[in-house]
Amino acid sequence: MKSSITKNTLKAIYRLLDRVSPLDQDCGQLCGAACCTCGSEINFPDSKGEDDFGIYLLPGEEKMFSRKEEWLGWEKNHAEDYEFPDSWHGTVYFLHCKTAPCCPRENRPLQCRFFPLAPHLDEDDVLHMVYQDSELPYECPLISQEIPLNEDFIRATYTVWKHLIQDPLLYDLVVMDSDFRIEDLGDEIEYLYP
Ligand code: SF4
Ligand code: SF4
């Protein structure tokens, strides 16, 4: 699936997000790296079973990988077979993390870098950051205990999503997730930023 985000832009986004993290400490120590070892459902709740350790790439993000990475296994899925936006057609890539929870931090995919945040577009099409609220097969203490997240992490993630939603495929993904959220939670959606 073609996205308008170039490899250079993705590299810049990876670099920006390399400089931030949800906490100053390794939050994996709080939970045994639950989000790396308890399933693959970050942002794509209907995607895989609990034994599939891995993550979906965003459209076009495959440009960031050589496919020779020994820590990754590649699986091609058809967007039409899963709960993706109607505008998504063709291949979406699912990466199996063969060495989870360990992986080269500087190469981890975008969805791993955003967690536990998710983008949300309100009814006026204004972007906010919210907690990831898909049904997850594990508990993330950052969410359940509302542990304050680093502001630079929140701001950087917001900046990245501001850019990413310029791409029609990613805009449609955020609209789809936001519509579900609005339907479920209405006025109770908690905006973390802005
Ligand atoms: S993001 Fe949440 S679930 Fe993942 S390692 Fe950090 S605290 Fe654990
Ligand atoms: S790529 Fe790394 S950070 Fe992301 S789920 Fe796999 S092991 Fe965890």
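Caption draft 1: Broad picture of the site of ligand 2. The full set of residues close to ligand 2 is Cys-36, Trp-71, Cys-97, Ala-100, Cys-103, Pro-109 and Cys-112. Grouping the amino acids of the shell around ligand 2 by side-chain chemistry returns 7 nonpolar, no polar and no charged.

Caption draft 2: Focus on the site of ligand 1. In the region of ligand 1, the neighbouring residues are Cys-27, Gly-28, Cys-31, Ala-33, Cys-35, Phe-115, Tyr-138, Cys-140, Pro-141 and Leu-142. The set of elements that each furnish at least two residues to the shell around ligand 1 consists of α2 (28-31) and α5 (141-144). Of the residues contributing to the shell around ligand 1, the split by class is 9 nonpolar, 1 polar and no charged.

Caption draft 3: Helix α6 (residues 151-164), seen in detail. Relative to the 20 Å expected for 14 residues at 1.5 Å per residue, α6 spans 20 Å between its end C-alpha atoms, a close match to the ideal helical length. Inspection of α6 places Phe-153, Ile-154, Ala-156, Thr-157, Tyr-158, Val-160, Trp-161 and Leu-164 among the buried residues, and these make up the whole buried set. Those residues of α6 that are buried are in contact with α1 (7-18), α4 (110-114), β4 (117-121), β5 (127-131) and α7 (168-185).

Caption draft 4: Structural context of the environment of Leu-169. For Leu-169, the position within the fold is in helix α7. The spacing of Leu-169 and Glu-83 is 86 residues in sequence and 14 Å in space, taken between C-alpha atoms. Among residues more than four places away in sequence, those in contact with Leu-169 are Met-1, Lys-2, Ser-3, Pro-59, Ser-87 and Trp-88.

Caption draft 5: The arrangement of the pattern of salt bridges in detail. A full pass over the atoms with the stated rule returns 3 salt bridges. Among the salt bridges present, the one from Asp-18 reaches Arg-113, with a minimum N-O distance of 2.8 Å. In this pair, Asp-18 is assigned in helix α1 and Arg-113 in helix α4, connecting sequence segments 95 residues apart. You can call Asp-18 partly exposed: its relative accessible area is 33%. For Arg-113, a relative accessible area of 3% corresponds to the buried category.

Cut-offs and rules
Residues numbered from 1 in each chain as written. Chains lettered and ligands numbered in written order. Predicted model: local features only at pLDDT ≥ 70, side-chain atom pairs only at ≥ 80, totals over all residues. Heavy atoms only, no water. Near = heavy atom within 4 Å. Nonpolar A, V, L, I, M, F, W, Y, C, P; charged D, E, K, R; others polar. Helix = DSSP H or I, 4+ residues; strand = E, 2+ residues; numbered from the N terminus. Expected span 1.5 Å × (residues − 1). Buried < 20%, exposed > 50% of the residue type's maximum accessible area, 1.4 Å probe, protein only. Contact = heavy atoms within 4.5 Å. Salt bridge = Lys/Arg side-chain N within 4 Å of Asp/Glu carboxyl O.

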